[in-house]
Each structure stands twice: as structure tokens, then as C-alpha cells.
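# Secondary and tertiary structure notes
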Amino acid sequence: MRHFIRPAVALLFLLTLLTGVLYPLVITGLAQVLFPHQANGSLVVRDGRPAGSALVGQAFDDSRYFWGRPSATSPFPYNAAASAASNLGPSNPELLKAVRERIAALHAADPDNRQPVPVDLVTTSGSGLDPHISPAAALYQVPRVAKARGLDEGVVRGLVLAHERQRNFGFLGEPVVPVLELNMALEALR
Amino acid sequence: MTSNGVIQICVLFAVLLLLVKPLGSYMARVYAGQTVLLGRIVGPLERWIYRVCGVHPEGEMDWKDYARSLLFFHAAGFLLLYLLQRCQAFLPFNPQSLTGVAPALAFNTAVSFMTNTNWQAYAGETTMSYMTQMLGLTVQNFASAASGMAVLAAFIRGLARQQAATIGNYWVDMVRTVLYILLPLSIALSILLVSQGVVQTLAPAVHVTRLQSTVGGMEQAVADQVIPRGPAASQVAIKQIGTNGGGFFNANSAHPLENPTPISNALELLAILLLPAALCYTFGKMVGDTRQGWAIFAAMLLVFIPLLMLCLWSEQAGNPALTGLGIDQMPGEQQPGGNMEGKEARFGIVNSALWAVATTAASNGSVNAMHDSFTPLGGLAPLWLIQLGEVVFGGVGSGLYGMLVFAVIAVFVAGLMVGRTPEYLGKKIEAFEMKMASLVILIPAALILVGTAVALIAKAGLAGISNPGPHGFTEVLYAFSSAANNNGSAFAGLSADSVFYNLSLGLAMLIGRFWVMIPVLAMAGSLAGKKIIPSGPGTLPTHAPLFVVLLAGVVLLVGALTFLPALALGPIAEFMVS
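Residues numbered from 1 in each chain as written. Chains lettered and ligands numbered in written order. Predicted model: local features only at pLDDT ≥ 70, side-chain atom pairs only at ≥ 80, totals over all residues. Heavy atoms only, no water.

## Here we look at the overall build of chain B
Across its full length, chain B holds 18 helices and five strands. Here chain B has a C-alpha radius of gyration of 23 Å; the compact-globule value for 578 residues is 25 Å, and the two agree. Within chain B, the fraction of its 578 residues that count as buried is 65%. A sequence separation of at least 24 residues applies to 78% of the contacts in chain B between residues at least 6 apart. Carbon and sulfur atoms make up 69% of the accessible area of chain B, which amounts to about 18400 Å² in all. Placing the 26 positive and 25 negative side-chain charges of chain B at their respective mean positions leaves the two points 14 Å apart. (Helix = DSSP H or I, 4+ residues; strand = E, 2+ residues; numbered from the N terminus. Rg over C-alpha atoms; globule rule 2.2 N^0.38 Å. Buried < 20%, exposed > 50% of the residue type's maximum accessible area, 1.4 Å probe, protein only. Contact = heavy atoms within 4.5 Å. Areas by Shrake-Rupley, 256 points an atom, 1.4 Å probe, with all protein chains shown as cover. Lys, Arg positive; Asp, Glu negative; His and termini not counted. Charge placed at Lys NZ, Arg CZ, Asp CG, Glu CD.)

## Notes on the interface of chain B and chain A
Of the residues lining the interface, 116 residues belong to chain B; the matching set on chain A comes to 107 residues. For the chain B face of the interface with chain A, the top three residues by lost area are L211(B), Q212(B) and E341(B), together amounting to 9%. Linking chain B with chain A are two salt bridges. Here R346(B) makes a salt bridge to D130(A), at a shortest N to O gap of 3.9 Å. In this assembly, chain B and chain A are joined by 44 residue pairs in polar contact (both at pLDDT 80 or more). For the side of chain B that touches chain A, the element with the highest residue contribution is helix α7 (residues 170–196) of chain B, accounting for 13 residues. Of the residues assigned to the side of chain B that touches chain A, the class counts are 61 nonpolar, 41 polar and 14 charged. (Buried area = accessible area lost by both parts, 1.4 Å probe. Salt bridge = Lys/Arg side-chain N within 4 Å of Asp/Glu carboxyl O. Polar contact = N/O pair within 3.5 Å; in protein donor to acceptor, adjacent residues only side chain to side chain. Nonpolar A, V, L, I, M, F, W, Y, C, P; charged D, E, K, R; others polar.)

## Quick word on the domain arrangement of chain A
Split into domains, chain A comes out as domain 1 (1–40) and domain 2 (43–188). Relative to domain 2 of chain A, the C-alpha centre of domain 1 of chain A lies at a distance of 40 Å. (Domains from an automatic or database assignment.)

## Notes on the environment of F297(B)
The topology assignment puts F297(B) in helix α10 (residues 290–317). Spatially, the C-alpha atoms of F297(B) and V548(B) are 8.9 Å apart, while their sequence positions differ by 251 residues.

## As for the nonpolar core
Counting 212 residues, the largest nonpolar core has I296(B) and Y424(B) as the members making the most contacts within it. Listed in part, the 24 residues of the second largest apolar core include A106(B), L137(B), F480(B) and Y501(B). (Core = buried A, V, L, I, M, F, W, Y, C linked by side-chain atoms within 4.5 Å.)

## Concerning a nonpolar patch on the surface
On the surface, L22(A), V26(A), L30(A), V33(A) and L34(A) cluster together into a nonpolar patch covering about 460 Å² of accessible area. Relative to the helices and strands, L22(A) resides in helix α1 (residues 2–34). (Patch = residues over 30% accessible without salt bridge, like charges linked within 9 Å, V, L, I, M, F, W, Y side chains within 5 Å.)

## Considering the pattern of salt bridges
Under the definition given, this model contains 21 salt bridges over all chains. A salt bridge links E101(A) to K97(A), with the shortest nitrogen-to-oxygen separation between them at 3.9 Å. Of this pair, E101(A) and K97(A) both sit in helix α3 (residues 93–109), four residues apart, roughly one helical turn. Given a relative accessible area of 47%, E101(A) falls into the partly exposed group. For D65(B), the salt bridge is made with R68(B), and the minimal N-O distance between the two is 2.8 Å. Of the two residues, D65(B) and R68(B) both sit in helix α3 (residues 63–87), three residues apart, roughly one turn of that helix.

## Some points on the side chain of N265(B)
Structurally, N265(B) is set in helix α9 (residues 262–286). A relative accessible area of 0% means that N265(B) is categorised as buried.

This is the structure we're talking about:
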């Protein structure tokens, strides 16, 4: 018995020290020295105050802003303190109902736009905090945002294209538009 | 499939293939006790650990002592993790002032992390203090992964040695795995992940002011957003490298602070497959014939690729229920299209499907998209990969020893066909080996089917289901498949944080881990004692394409015969009616 208990307890203790204390602390130290901005949440600042994280989306439903992915967090959208997904199955009637409502909201905000809606704009993300939409979803909203802000559509479209992120190295991931960054740029136009 | 999708998949596998040989032969040196370059730095620490633990590194163990050491070590780990969770309210590094974890959930989580499953019935950011995450969960990420690799090393020694009574020293295998393999890889990966934006700090969450305020549950305006933080990168690195999969945050690898960019996604994907793939080469090296390792690797790919194609095709085709609503689900240069519910825009369809298949093939279980919202056939691929026994790459160590058990069964089947005594790598496969192999196959399968059946007749089991119809059935089937095979991913709509699911899934994880490990060690002990018979003209060459196909066929056949009826009630029924 003792023959097994001593190494079991001692090794657990040493591994706890090594992998549970030393390892995360060393990584924290290195991270804070090498990449302090990223290690602390990639915070963005507006008027001298933290206004969000470049990596965490925010909720927008005002016509004057670009809207992001629908969010399934509760009790309010883009609650970054409790990331969550809808987990609705593809055949769940609730999913169908929610998507219909989102399409209706988009149509209500811009009755003239009858183009097919890009699918990522009416489906919730995996984290509920998706900071991006597809370029198609951004371009779809250009007429509405331009109208609401009294801007030329060309100006708004140019802004979208200027903020579009291409695939990493030209092939990794998907092209996206960061919504918070784009909306902050819109605000800065005036 | 889009041409960009083909490129992304090919590049991932090209990089993986390039790393298999160097990393695999490095690990073979580590397990043979040979000196490696890193030994100059780590060697003194290694010897000091043996001294403190009272371990004689030259002293070898028979399979029973090896198994006893393993069980004692994990019992201690379980107790520590359980107590940490229960007492976290009174311990430091708890900036969110979280309360102690309830007993059933603490039991489930302790078992889950000890068994390399990392099933999570809790939400990380609202349940576990930084202290619990670091001292408890991160440590078990290392320990459970190292244990799987140790058992694999012991099993390979059993195949490689002849007329030997011992299969290695558990403590040495554990220490060397952590010091020489897991820690260096984790350090490198965590720093790379931080560079992409994964948080790594001991500072608490930060409050920011939203650009546009939103409306909360009680119709009050919400102007603030709480950005969660913590020592995430160090835990995420080992969760991928050690095929653990337990997320720092609830959304796991879909969370933008855990997996922020396509680059971090590619690195984590590679980390999921890296050790399970490279260990194939380690195996070949240790038995003195690297072709044997490549054959196993090829059989794994043979199962992996068709299921990846099935998942990709089904997800890219989109959700048929949404056609006709005026939605554009077509992929193009401007959008990923397809079934985007539960997926992140930066990953789109290709990286979500690729991840789902990789994380379930390798018993990892972290998710970057929500499997519960996958199309019926898109969800069937990950589910079936788990049910195949986590042997297609599989967990670190556990995947390969599982696959080697299948190889034993494959030579047995081939032996029956021609009426010869089966042998694998010169070792005669006899009644004892076949009994142990049967246990390895039958125990997880029985846990899944019986567990699902019990949950479906118990009120407490039915209460957890969130989606109606066959999809709800799949949620339960997926949960027991994931637990019994130590995967850890979920159809997460299932409300698993109930006493019923915490206890039943906890038991499934416990039995699914150790009642496979012990027969495997017993087999190792028995094989080590046998002579190696030189191969003759009648020997089935186990490095040839014929054997590769036979092995993949046996895996698929056993998986299909065991689970097709259950799958027909779940994803297949859902596909038929949609």
C-alpha cells in the first residue's frame, strides 16, 4: 500500500506545483511582457475609457449601426460574462420561428431591401459573442445604414471594404468584417 | 466543397504529416529512456522528482503493479480536484467570489478531468475560480494525458519485448511524458495563442461601456459589458495537446477569447491531432518496424477522410428548413453560406466541420461550433467517430492502444478465415488476449446503449432534453457516447447539470476509462511474456495495404453493427423527415 501511496501523493503534489502553479505563472509573466495588449483582452479605448474588446462583439439594433450576428446569451444579447449558444437543432420549430423574426426585423428596418439575407445575419453564433459578420452580411446592410445616417452609399460601402479582413495568408479561415470596429469608424466619420 | 476548403484541409494534413516523423521518433527516445537534448535542462529536475517521490527509475513493474500505481495516482488526483471545487470559496485566486461547487457537479467534473474526458456540465466563467482552473483542472489536463500515453508506452513494450515479466515503470513514464513532451509543447503553444489574442492574466474581468446599450431581461437598459479574463492560454494549450478539450469559458473554442483568429484555430486543430498522429510513428519505432506505425496511421485516415467529407458536405448544403424564407445559404467569396447556426463567422463551414470531425476522432472534445445545431448527417459524423471507440487518432495514448486492440481483433478475424493461429508482430494471440480485447470493445459500447436506454425511461433523464423529436434522442445518445469514450464534447442543448446526469455520466466516464485501461495493461503483461515467432510465408503482413483495409473495415464494421439501430432512431430518422 505505502509503496504506492507515497509516490502517488508526492508526484501529484509536485505536478500541481509544476503544471498548476509554475506553468501558468510563467506563461502569464511571458504573456504580459511579450503581448500585454492581447493577454489582457485586446481592449479598445474610446474617449479615454475602455469601450470593449476588439475580439468580443456587442449588440446593435439601431438602424444607424451595422448589426452583428444574433446572440443567444442571456439575459441579454452579447453578455460576455456568460457565453452561450442556442443549441437549437436544425429541425427545431423554435429555430425557424427565430429566423423568421430576424428576417422580419431586417425588412422592417429597411423595407426597400428585398435581396436574399446572408445566412450568418439571421443565425446565432457559437459563442454568442461573435465579433464578425461576413462581408456579404455587411454589404447587405449598407443601404439602410447610409439612409439612417444621411450618408452616400458609396462612402459607407467604402468603409466596409476598408475594414474587411481577408483570409490569413490568403487561405486560412473566412473573410470577415469586425462589427464593433466598423461602427466605431462610422461614429468617427463626423 | 469549395476550392478554398480543399486547400485548408490539405495544408493542415501536410503540416501534420511533416511533424509525425520527427516528433514520433523523439517520443520513442523519451519512452526508451534514452537521452534527449532537452535532458540537459530538465534532467536534474527529473532526478530530483524521483528522489522526492521515492521512486527508483530503474525498477520496472509487472502489469499489476503498473495498474495499481496508476489507480492510486488517479484516486489522489480525484480527491484533490473534488476538494478544490468544494472549498474554492475559502481559497485565494477567486476574484469573482464564486461559491463552492455542488457535490454532484464536483464529482462529475473531478471524474471528467481525471479521465481525460473533460465533459463540462458547468460554465467555466461562472463556476470555477482561477484557483480551481489552475491547481485543479490544468493539472489534471497534464496528468490524465500523461497517463494515457504511459499506458500506451507500456502496451507497446508488451508487444516489443519477449519473455519479459515487466512493462516499464509507471512513475517514470508519467514524469518523462510531462517533462519532455507535454510541458515544452504547451509552453510554445500558449505563447503563440496569446499572440493571437487568447487572454492570459490573473486580473479579474473588466467592465466596458457598450457603443449602443442593449435591453436586458427585465426591460432595463444594459450599458455595460463584462469582458471575462483569466489564465486561459496556458489551459487552452494543454487542453488541445493532451486531447482533453475542457474549455476555460463556456463556449469553449468558439469563444473569441479562447480561439480568436483563423491562425489560432489552425494551431489548435494541429495540436488536437499532433500527438495521437505522431504516436503512431513512436509505436513503429519502438517495435522496430516503422511500417507498422504508418499502417495504423493509414487505417485511421481511411476512416477519418470519408466522415470528414460527409460532415462538410452536409453542413455546406445548409439547413433545408430555412430554404424558401428568402435567405442566401450559397457559399461564395463574400460569405461561407451553409448551416451557420451555432458557428462563428471567422471559421465558417470548413473550419467548423473540420474541427468537429478532428475533435471527435481524436478524443479531444473541445468545440469551435455547436454540434447540437449541426444538420442530421453533419452531426452523425462526429457522433459515430466517438462511438467507433475513439480509435481514429483518439486520445493521446488511449487512441492508439485502442486501435492496437482493434489490430489484434483484425488479425484474429483474418486468422479465423484461413484457419491459422493469429499473431500480431510475432506474438501469438490466444484466448486471454481475445478476452481482454473483447472487454475493451464491449464495455464502452454497453455503457452507451444501456446508459441511453436508462436515461430515456427515467423522468430525470427525459427532463434534460431540449430539442423535440429524434434530435432530442440524439442529445442523450451523444452524451453517453461522449462520456463512455472519454471524448467530452456534447450536443450541449442537453441540460446535463442535474444529479441524474452528473452521476450517470460520471460513472460512464469512470468505467469507460479504467475498465479499458486495465484490460489493456493485462494484455500488455501477457504479451510481454511471450516469445516472438519469426514471420513465415503464412504470416499476415500487418504493414501491407491489405491489412490497412482490413483494420479500417473491422473498426467500421464493429461500430456499425453496434450502433446503427441507435443511430437510425436519432440522426438518420431526423435526416429522413427533414
